[in-house]
Amino acid sequence: MAEVNLTAAFSSVPGGDAEAIKRLLVETVEQIARDDGTFQRAKLVFTESDERCGLTAELDGVKKEGVPLAIDIEQLEDAQTGAGARAQLKEALRLYFRRVMGK
């Protein structure tokens, strides 16, 4: 299983919701690593400010994409309970990870 380290900062999301979002992100990244087998270590930084979210990643020590992935807070909230929203989040992360790896 991949080692996923997430550093997260929230400004307007309540504590319980913030923990649920962090758990969602870690579980989704672990699933991508397991499904695709393209990385073993992921260092993620997630920031939320006034409901605007960004995520940066370093995968197996590689970071070829300097622009953070913009994620809508509503998409993260929907992805906690809806399979369709979770699939969209997973695909957005997968595409971003390809850029991070330079593929």
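As a reminder, the structure under discussion sits directly above these lines.
These numbers were taken from a predicted model, which means no experiment stands behind them. (Residues numbered from 1 in each chain as written. Predicted model: local features only at pLDDT ≥ 70, side-chain atom pairs only at ≥ 80, totals over all residues. Heavy atoms only, no water.)

Undergrad: Please provide a residue-by-residue account of the packing of aromatic side chains, values included.
TA: Tallied over the entire structure, the rule returns three aromatic pairs. Ring geometry for Phe-39 versus Phe-97: centroids 5.5 Å apart, planes at 80 degrees, classification edge-to-face. With Phe-39 in the loop between helix 1 (15-36) and strand 2 (41-49) and Phe-97 in helix 3 (residues 83-100), this residue pair connects regions lying 58 residues apart in the sequence. The class of Phe-97 is buried, set by a relative accessible area of 4%. Ring centres of Tyr-96 and Phe-97 lie 6.3 Å apart, and the angle between their planes is 50 degrees; on these two criteria the pair is classed as tilted. With a relative accessible area of 0%, Tyr-96 lands in the buried category. Among the aromatic side chains, those forming a connected cluster through ring pairs are Phe-39, Tyr-96 and Phe-97. (Phe/Tyr/Trp six-rings, centres within 6.5 Å; stacked < 30°, edge-to-face > 60°. Helix = DSSP H or I, 4+ residues; strand = E, 2+ residues; numbered from the N terminus. Buried < 20%, exposed > 50% of the residue type's maximum accessible area, 1.4 Å probe, protein only.)

Undergrad: Describe in detail helix 3, supporting the description with residues and values.
TA: The terminal C-alpha atoms of helix 3, which comprises 18 residues, lie 25 Å apart, in line with the 26 Å expected from a rise of 1.5 Å per residue. Buried within helix 3 are the following residues: Ala-85, Leu-89, Lys-90, Leu-93, Arg-94, Tyr-96, Phe-97 and Val-100. The inward-facing, buried residues of helix 3 abut helix 1, strand 2, strand 3 (52-59), strand 4 (69-72) and helix 2 (73-79). Of the residues one or two after helix 3, Gly-102 is the one with positive phi, at around 80 degrees. (Expected span 1.5 Å × (residues − 1). Contact = heavy atoms within 4.5 Å.)

Undergrad: Explain the pairing of strand 4 to me, and be specific about the residues and the numbers.
TA: Only one face of strand 4 is buried, namely the one carrying Leu-69 and Ile-71, since none of Ala-70 and Asp-72 on the opposite face is buried. The sheet contact formed by strand 3 and strand 4 spans four bridges and is antiparallel. By the bridge assignment for strand 4, Gly-54 is matched with Ala-70. (Pairing = 2+ DSSP bridges.)

Structural measurements only, silent on function.
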